[in-house]
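Residue strings, one per chain:
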Amino acid sequence: MPLKKLTIALCLVGLPLTSFAAALDRSGQSIAGFLQPNHYFEAGISVLDPNVSGQDVAGKQTGDMAGDYYFPHAVLKLQPTEHFSIGLIYDQPFGADAEYRGRNNFVSTASDVILPATGLTNNLPVITGAPDQVVGGVPLKFDANGNPVAIALDNATTGGTSVEVKTQNLNLLVGYQPNQNWNIYGGLVYQTLEADVNLRGNAYSLFNGYELDVPEDSALGWLAGFAYQIPEIALKASLTYRSEIEHEFNAREDLPLVANVGQLLIDQQVLDPNTLNQLSAPGKSKVTTPQSVNLDLQTGIMADTIAFANVRWVNWEDFYMRPHQFGKLSELAGDLLPALGKPNGFNLVDYAKDQWSANVGVGRKMNDKWAGNVSVGWDSGAGNPVTTLGPTEGFWNLGLGVQYSPTPSSFIAGGVKYLWLGDAKAQTGAHSAAGNFNDNHAMAYGLKIGQRF
């Protein structure tokens, strides 16, 4: 088969899915559909089935805390003239879905401890032989000598730690092709973001019971890039930059322990009343989704066969999430507890490093209707230790894909990947050790259809 036709036949044979990538990365943000010749449409869905479990610092098992999730995508590309193209791409680039269950430090129980009493409650009377009891409206735990040793939760909140983050991107692209080799493109990105976070259990101390609800917020970004191709040898290369996108919103936050614990600290002359009022005051929160760069390559290597590769960089090192009231309470905690080493507070989520990932493979056309591919992937992760809301550190994967073309202009493609997830040390937002998650894995499945017209 001539390599020019082979490009059309095989450039779509890769798995129609991404994988369990670092941090919140999900779809991989491919623009391959926009670079197809003439008019083109595709739609697909990817499903990830992860199995992520570990132990908290007390050695208690967490069970599988990672939820299954799916994300659709679609591409419409039109070529109204020889030199200009336009396109729409829909995907869900970033997300998270996790929930802890069972009996561990990420699930609330009646015996949870939220703060050490020593140093914060020095003026409390010593009650010889006192059992755990309520003092000043706050549950306290006492040692055998009647000294207060901890502020207890006393079943004020229940359930397990959970997180759900969802984003959606609608990309509007315009491309200029001065000749058959070059394609220069750019466009706007309309992005929505929503999130729901619930912190539960001893691991989160004063933040046990914290809830965050981010209503759907929208913001704009942009992308730009260029592609070069030599159809005669099935060579195609593209480089795409995507900007960061800043979201600013009024989130609903709930800090159920602040009122009672705050009053205790006021009574003990540890906390000023005005500071407590500031903790409950609403304010704007901000999250900026990261900038990224994608490099995509493919070339013919022999008759009916191409090699392909993708390299992706995502700027997670500069990402953080510090909701308004969470941030105020973290500053107070950092001031009251110098041992934390966080005098300026801390974030709900942040990452230590940027993410690098790569995927390489070979695709081959077996006959006029069938083609297949095999690929190997690697992801660096975004630093270790990692957040308890996503306790994995990079991965290796192996993928297989198949494509059936009932007509020369249409196809159905499917694939599967197995992922070996990297071992990780989990930490809370205060960067306190929370557990270890080892020997985990995931399965990913994908299906898409395409039509050239």
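Residues numbered from 1 in each chain as written. Predicted model: local features only at pLDDT ≥ 70, side-chain atom pairs only at ≥ 80, totals over all residues. Heavy atoms only, no water.

## Re the nonpolar core
So, step 1. By size, the foremost hydrophobic cluster in this structure holds 55 residues, and its most contacted members are Leu 199, Phe 207, Leu 212, Val 214, Trp 316 and Leu 348.
So, step 2. The dominant element in this core, judged by the number of residues it contributes, is helix H4 (residues 324–336), at four residues.
So, step 3. Of all hydrophobic cores here, the second largest spans twelve residues; its members include Val 75, Ile 89, Ala 219 and Ile 245. (Core = buried A, V, L, I, M, F, W, Y, C linked by side-chain atoms within 4.5 Å. Buried < 20%, exposed > 50% of the residue type's maximum accessible area, 1.4 Å probe, protein only. Helix = DSSP H or I, 4+ residues; strand = E, 2+ residues; numbered from the N terminus.)

## Considerations on the packing of aromatic side chains
So, step 1. All told, the structure shown has 19 aromatic pairs when counted by the stated rule.
So, step 2. Taking the centre distance of 5.2 Å and the plane angle of 50° together, the rings of Trp 222 and Tyr 241 count as tilted. Of this pair, Trp 222 sits in strand E12 (residues 211–230) while Tyr 241 sits in strand E13 (residues 235–242), and the two are 19 residues apart along the sequence.
So, step 3. Between Phe 326 and Phe 346, the aromatic rings sit 5.9 Å apart at their centres with planes inclined by 85°, giving edge-to-face as the arrangement. Note that Phe 326 is positioned in helix H4 and Phe 346 in the loop between H4 and strand E20 (349–350), a separation of 20 residues in sequence. (Phe/Tyr/Trp six-rings, centres within 6.5 Å; stacked < 30°, edge-to-face > 60°.)

## Overview of H4
So, step 1. For H4, with 13 residues, the first-to-last C-alpha span of 19 Å sits near the 18 Å given by 1.5 Å per residue.
So, step 2. Among all positions in H4, only Gln 325, Phe 326, Gly 327, Leu 329, Ser 330, Leu 332, Ala 333, Gly 334 and Leu 336 are buried. (Expected span 1.5 Å × (residues − 1).)

## With respect to the confidence of the model for the protein chain
So, step 1. This prediction gives the protein chain a mean pLDDT of 87; 82% of its residues lie at or above 70.
So, step 2. Contacts from residues 7–17, a stretch scored under 50 in pLDDT, to residues over four places away or in other chains number 55 contacts.
So, step 3. Confidence over residues 124–130 falls short of pLDDT 50; this stretch has 20 contacts with residues more than four positions distant or in other chains. (pLDDT = per-residue confidence, 0-100. Contact = heavy atoms within 4.5 Å.)

## Focus: unusual backbone geometry
So, step 1. Asn 384 connects to Pro 385 through a cis peptide bond whose omega is 15°.
So, step 2. On the secondary structure map, Pro 385 appears in the loop between strand E22 (370–379) and strand E23 (386–387).
So, step 3. For Ser 205, which is not a glycine, the phi torsion comes out positive at approximately 50°.
So, step 4. Mapped onto the fold, Ser 205 is located in the loop between strand E11 (182–198) and E12.
So, step 5. Judged by relative accessible area, Ser 205 falls into the partly exposed class, the value being 25%.
So, step 6. You will see that Ala 234, though not glycine, has its phi angle at about 60°, which is positive.

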